[in-house]
Amino acid sequence: MPFDPERLLQVEALPALLERTPAPCIIDVGSPDRYLRAHLPGAVLVTPMELVDGTPPAAGRLPELDRLQALAERLDLTPDRELVIYDDEGGGWAGRMAWTLDVLGHDRWRYLDGGLHAWQAAGLPLDRVPAAPPQRTGAGAPVPVSLDRAPIAELEDVLAAIDDPRTSIWDARSAEEYRGERRTALRNGHIPGARHLDWLELVDPARAMRLRTDADTLIRARGIDLEGPVITHCHSHHRSGLTYLVARLLGARHLRAYHGSWSEWGNRDDVPVATGAAP
């Protein structure tokens, strides 16, 4: 199964795309310090903290509606606003941004394959001057925000999925976390029945952090069925931002992300936990 060519954008194609009228809005998801050192010309910064609730223990959960409203207004997420999203790590935070856009019902986004790494490797220009937010198209009127819960998995959904052989639970953490050897919560291990595929296995450092061309084969080899329901998670739904993104680009139709992730699951004593290597 190939990546969706309408949604996965190569860096060489972006300059021509920016010549269109209206041009897409480029979103750089990352830290303010790195953004000021180097970003794509015209890119608008979105920080990771704008995409997460930040309240322990499950700090990676979706923010409250008023914070999402503020982000949508800053980006002027009108229905015709086209976005190109990237980060500097190979897709984790960009994937979290894509998931957030899906939750907001905004489908007009593309992922820049390899992000900042691929852009720099291609010798394309960088900027240090912060870009102005997109111009408002609605005469300053608020952008209405509503949540589409279809891409969201809650703890109860994951509990139900454990006994559903049709659903693949995709754990994107490290093998040590999955096996329960690395302590990150009160309880350590994995959700029973979860399949393991580390998010870092999906990017190719030799190709400037672009997505692996054999990602579909790798995913299937780990027992994850993209044709059926899929729930992906990590510790805080940052690393699983990439696994959500890759599954989305490969055409998964019944895809959700468990935004509570292990920081929620592993800090409760009323849910099952397994340890040991993946099957």
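Below is a summary of the structure that appears in this document. (Residues numbered from 1 in each chain as written. Predicted model: local features only at pLDDT ≥ 70, side-chain atom pairs only at ≥ 80, totals over all residues. Heavy atoms only, no water.)

Moving on, we get to the packing of aromatic side chains. All told, the structure shown has 1 aromatic pair when counted by the stated rule. Aromatic side chains Tyr 258 and Trp 265 sit 6.3 Å apart centroid to centroid with 85° between the ring planes, which places their arrangement in the edge-to-face category. Classification of Tyr 258 by relative accessible area gives buried; the value is 0%. The class for Trp 265 is buried, based on a relative accessible area of 0%. Across from the ring centre of Trp 109, 4.5 Å away, lies the NZ or CZ of Arg 7, which sits over that ring. Sitting over the face of the ring of Trp 262, Arg 173 holds its NZ or CZ atom 4.5 Å from the ring centroid. (Phe/Tyr/Trp six-rings, centres within 6.5 Å; stacked < 30°, edge-to-face > 60°. Buried < 20%, exposed > 50% of the residue type's maximum accessible area, 1.4 Å probe, protein only. Lys NZ or Arg CZ within 6 Å of the ring centre and 35° of its normal.)

Counted according to the given criterion, the structure contains 25 salt bridges. In this structure, Arg 74 and Glu 50 form a salt bridge, with 3.0 Å as the shortest nitrogen-oxygen distance. Of the two residues, Arg 74 is situated in helix α3 (residues 65–75) and Glu 50 in the loop between β3 (44–46) and α3; the sequence distance between them amounts to 24 residues. Between Glu 264 and Arg 61 there is a salt bridge whose closest N-O contact spans 3.5 Å. Within this pair, whereas Glu 264 is found in helix α10 (residues 261–265), its partner Arg 61 is found in the loop between β3 and α3, the two being separated by 203 residues in sequence. Each of Arg 7, Asp 102, Asp 107 and Arg 248 takes part in one network of salt bridges that share partners. (Salt bridge = Lys/Arg side-chain N within 4 Å of Asp/Glu carboxyl O. Helix = DSSP H or I, 4+ residues; strand = E, 2+ residues; numbered from the N terminus.)

Bringing the pairing of strand β5 (residues 109–112) into the picture now. Covered by surrounding structure in β5 are Trp 109 and Tyr 111 together with Arg 110 and Leu 112, the residues of both alternating faces. The sheet contact formed by strand β1 (residues 8–9) and β5 spans 2 bridges and is parallel. Pairing of Leu 9 across the sheet is with Leu 112, part of β5. In terms of strand pairing, strand β4 (residues 83–86) meets β5 through 3 bridges, oriented parallel. Within the sheet, the bridge partner assigned to Val 84 lies in β5 and is Arg 110. Note on the crossover from β4 through helix α4 (residues 92–103) to β5: the handedness is right-handed. (Pairing = 2+ DSSP bridges. Right-handed = clockwise from strand over helix to strand, strands pointing away.)

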